[in-house]
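Chains, contacts and geometry: an overview
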Amino acid sequence: MSQELTVSAVRSTAEQHRVHVQVDLLAIPLVVLLFAAVFSFQFALLVGDWDYWIDWRDRRWWPLVTPLALTILPAVFSYFLWERLRLPLAATLTILALTAAAWVSRYLNFHLFANFPMNMVWPSAYIGLGLIVDCILLLTGSFFWTGLLGGFAFAVLLYPMNWPLLAPFQVPLELHGTMLTVSDLMGFEYVRTAIPEYVRIIEQSTLRTFGEAVTPLTAVFAGFLNIMNFWFWTWIGYLGSKALWIRKIV
Amino acid sequence: MTTSVEASDDAHDRALRAPWKAFFGMLAFAAAVFAAYRIYQHETAFTFGLDYFNPEFATYWMSVLYSELAIEVLLGIAIVGYLWITRDRNLDKITPSEELRRYLVLMSQLLMFGAIAYVVTSIYTESDAAWHQVTVRDTDFTPTHIGLFYFGVPVFILSVLTAFVYARTRIPAFAKRVSLPFALLVAGPVMIMPNLGFNEWGHTFFYAEELFAAPIHWGFVLLGWATFAAGGLLVQILTRVVQLTQVVSSADVQQTNIKSEAAANAELNAAA
């Protein structure tokens, strides 16, 4: 093709360097902004209230729903950043972008706009999970092992990583003769429109009456699911980074 | 629009820089508009936006809806129309430095799209999540929906559509063929609007509560995932930028000219 035979637009290595710096200044913020945008969007619509509210971070759905949705972008963009640029950064960078966007949004929207206390709507801590996945990818250089070990650890460690932040809200208290947690009480004080739906979801089945094994059981189950989840989304990342051209759309 | 084959030193120098002045000017304008909208929403959503049947709702919110829709349609027609009318009809004659300049313009447009996408899909989207958790709505046109779906999303669509049409009308590789990742990047945001129709229909009939992770919202997620194709688009852009910024010796240039001539002769022979 004649385009590929075109001579260069630069006259020296200094000019080449100048252009590459310009490209970096455009591409890097673009990638970070897109990470923040897409991750916030899909996390809001797949996890949403499980991460918005302290009383929704329960032991049954939160440790299952969250890692499955949280793995998507790290897996997709791990393929792009590792295969194309040899950067083992995707998981940390995407989750960092999500976390920064979440803090801005919780403060502006949930606190300033809708008047919920920040203590009730702070974003959970996920950056450590991204670091683990990226470290495993760096050490193994393999998506198979990253999915197997990183995907599993990602889900299993979600609850323990947040436990220091969550623990004060899980302290039991007695209110009018009924035992409940601090976070439950906050939830009852700030009734939201989705609470009836949440109660319908969370009160199903016998799991709620089980003892202390519920959280580890959920975490391990989520870990096994997340292995396949990671592999699947890595494959989507492979498809997404294909530079395909077509003659016409229809 | 025509292009000169020989680029002056000034033009050559400009070609090596992204259009930062224009970019930051547009960014400041967009930030001012989105911030002003947000302040208006903050001041009037809970005071005049709770009851659709209140006359004040029509004054403070429906008027905003009608105005913004009209402005967006006119702006869209103007931008796309301008890009089409002023399209480059001599794309096979542009210089490498001009082509490089256009790639940098395209990337700055995509960066603008990224900034708008962040504001819309994070801040504006979650203002809707917060709103619907504290109000039971009586209309599809809530203050946050008017901000998100009828202001934010159309602007978001317009920003990526601008970049797409710019590439189709001014950059040879994108004019000759359709970039599938770019087409997906445009199609995802565009398809949010039909999905919004389904969403509102569902909320009207069978799902009034605003559990944000509800299945009725998952269509939006699927469309948001169209952005995963951005990786493929970046590969396409960067591949060409690397070709355009290779440092070549005069011997290489001579060799390239010989190849070009040979390719042209081959084309002529094939045509004969």
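Each remark here, short or long, concerns the structure printed above.
Let us look at the packing of helix 3 (residues 62-70) of chain A against helix 4 (residues 72-85) of chain A. In helix packing, the relevant descriptors are the interaxial angle and the interaxial distance, both defined with respect to the helix axes. Residue and element names in this part refer to chain A. Running from amino to carboxyl end, helix 3 crosses helix 4 at an angle of 20°, the nearest separation of the two axes being 4 Å. Classified by the interaxial angle, the pair formed by helix 3 and helix 4 is roughly parallel. Only Ile 72, Leu 73 and Pro 74 of helix 4 make contact with helix 3, whose side of the interface consists of Leu 68, Ala 69 and Leu 70. Taken together, the residues of the contact of helix 3 with helix 4 break down into six nonpolar, no polar and no charged.

Our focus in this paragraph is the interface of chain B and chain A. With 87 residues of chain B at the interface, the matching set in chain A holds 80 residues. Both sides together, the interface formed by chain B and chain A hides about 7200 Å², and carbon and sulfur atoms give 71% of it. Ranking the residues of chain B by area buried against chain A places B:Glu126, B:Gln133 and B:Phe228 at the top, with a combined share of 11%. Between chain B and chain A we count one salt bridge in total. In this structure, the salt-bridge partner of A:Arg18 is B:Asp13, at a minimum N-O distance of 3.1 Å.

Right, let's get into the side chain of B:Thr125. Here B:Thr125 is to be found in helix 4 (residues 96-134). On the basis of relative accessibility, which here comes to 3%, the residue B:Thr125 falls in the buried class. Those residues in contact with B:Thr125, other than ones at most four positions away along the chain, are A:Phe41, B:Val120, B:Leu148 and B:Phe212.

Right, let's get into the nonpolar core. Among the nonpolar cores identified, the biggest contains 144 residues, and A:Leu70, B:Leu106, B:Leu110, B:Phe174, B:Phe182, B:Phe228 and B:Ile237 are the most heavily contacted of them. The biggest single contributor to this core is helix 4 of chain B, with 19 residues. With residues near it in sequence (within four places) discarded, A:Leu70 still touches A:Phe39, A:Phe43, A:Ile95, A:Leu98, A:Tyr126, A:Leu129, A:Phe154 and A:Leu158.

The rules behind these values
Residues numbered from 1 in each chain as written. Chains lettered and ligands numbered in written order. Predicted model: local features only at pLDDT ≥ 70, side-chain atom pairs only at ≥ 80, totals over all residues. Heavy atoms only, no water. Axes fitted to C-alpha atoms, helices over the stretch in contact; angles between N-to-C directions. Helix = DSSP H or I, 4+ residues; strand = E, 2+ residues; numbered from the N terminus. Parallel < 35°, antiparallel > 145°, perpendicular 65-115°, else oblique. Contact = heavy atoms within 4.5 Å. Nonpolar A, V, L, I, M, F, W, Y, C, P; charged D, E, K, R; others polar. Buried area = accessible area lost by both parts, 1.4 Å probe. Salt bridge = Lys/Arg side-chain N within 4 Å of Asp/Glu carboxyl O. Buried < 20%, exposed > 50% of the residue type's maximum accessible area, 1.4 Å probe, protein only. Core = buried A, V, L, I, M, F, W, Y, C linked by side-chain atoms within 4.5 Å.

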